[in-house]
Amino acid sequence: MKHFSTEELTASETAKRLNIDNTPDDEATVNMTRLVNTVLDPAREKAGCPIKVNSGYRSKELNKAVGGAQNSYHLTGRAADVTTGTIIGNRRLLAILSRLPHTELIWEGNGKWIHVAL
Ligand SMILES: [Zn+2]
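Worth saying up front: this structure is predicted, and the values here are computed from it rather than measured.

Caption draft 1: Representation of the overall build of the chain within the structure. When helices and strands are tallied, the chain shows five helices and four strands. Listing the helices and strands of the chain from first to last along the sequence gives α-α-α-β-α-β-α-β-β. Relative to the compact-globule value of 13 Å for 118 residues, the chain shows a C-alpha radius of gyration of 13 Å, a close match. Oriented by its inertia axes, the alpha-carbon framework of the chain measures out at about 35 × 30 × 20 Å. Here the contacts in the chain between residues at least 6 apart in sequence split such that 64% fall between residues at least 24 apart. Split by element, the accessible area of the chain, about 6,600 Å² in all, is 51% carbon and sulfur. When the 15 positive and 13 negative side-chain charges of the chain are each reduced to one mean point, those points stand 8 Å apart.

Set out below in structure tokens:
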């Protein structure tokens, strides 16, 4: 992991506000590391601009609080919602991500962020 940290992938305003524990278990930590090494770090290097993680790992309680899907890949640390901060940047990022390994790649919030899962 070069450009992303576990802290960044587990940070959540909702968890903080509602005092929800969002500590990843070992499986989620392994999956997050794989997601960063295989997808996020290579995407960051190709994009050449910062990529912000809006949401990475979510504990069951946090996933419920944010209205995530019951079988969401966020629950196992396999997914991240990422953004460059602009729609144009996100269009480029989507093109980059589409050429990297993934099992889910979803344009969300009218392009405000991209959901990618491995
Ligand atoms: Zn997502």
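There is more to say after this.
Caption draft 2: Layout of the coordination of the zinc ion. Donor atoms from the polypeptide that coordinate the zinc ion comprise His74 (NE2), Asp81 (OD) and His115 (ND1), at 2.0 to 2.1 Å from the metal. As a motif over one chain, the donors of the zinc ion read H-x6-D-x33-H. Here aspartate 81 is found in strand 2 (residues 79-83), whereas its partner histidine 115 is found in strand 4 (residues 113-117), with 34 residues between them in sequence. Look at aspartate 81 and you get buried, because its relative accessible area is 7%.

Caption draft 3: Broad picture of the nonpolar core. Counting 22 residues, the largest nonpolar core has Leu9, Leu40, Val82 and Leu97 as its most contacted members. Those elements that provide at least two residues to this core are helix 3 (26-47), strand 2, helix 5 (87-98) and strand 4. Broken down by element, the residue count for this core peaks at eight residues, all from helix 3. If we ignore the near neighbours within four places in the chain, the residues touching leucine 9 are Phe4, Met32, Val36, Leu40, Val53, Gly56, Tyr57 and Ala80.

Definitions and limits used
- Residues numbered from 1 in each chain as written.
- Predicted model: local features only at pLDDT ≥ 70, side-chain atom pairs only at ≥ 80, totals over all residues.
- Heavy atoms only, no water.
- Helix = DSSP H or I, 4+ residues; strand = E, 2+ residues; numbered from the N terminus.
- Rg over C-alpha atoms; globule rule 2.2 N^0.38 Å.
- Contact = heavy atoms within 4.5 Å.
- Areas by Shrake-Rupley, 256 points an atom, 1.4 Å probe, with all protein chains shown as cover.
- Lys, Arg positive; Asp, Glu negative; His and termini not counted.
- Charge placed at Lys NZ, Arg CZ, Asp CG, Glu CD.
- Donors = N, O, S within 2.8 Å, 3.2 Å for Na, K, Ca; no water.
- Buried < 20%, exposed > 50% of the residue type's maximum accessible area, 1.4 Å probe, protein only.
- Core = buried A, V, L, I, M, F, W, Y, C linked by side-chain atoms within 4.5 Å.

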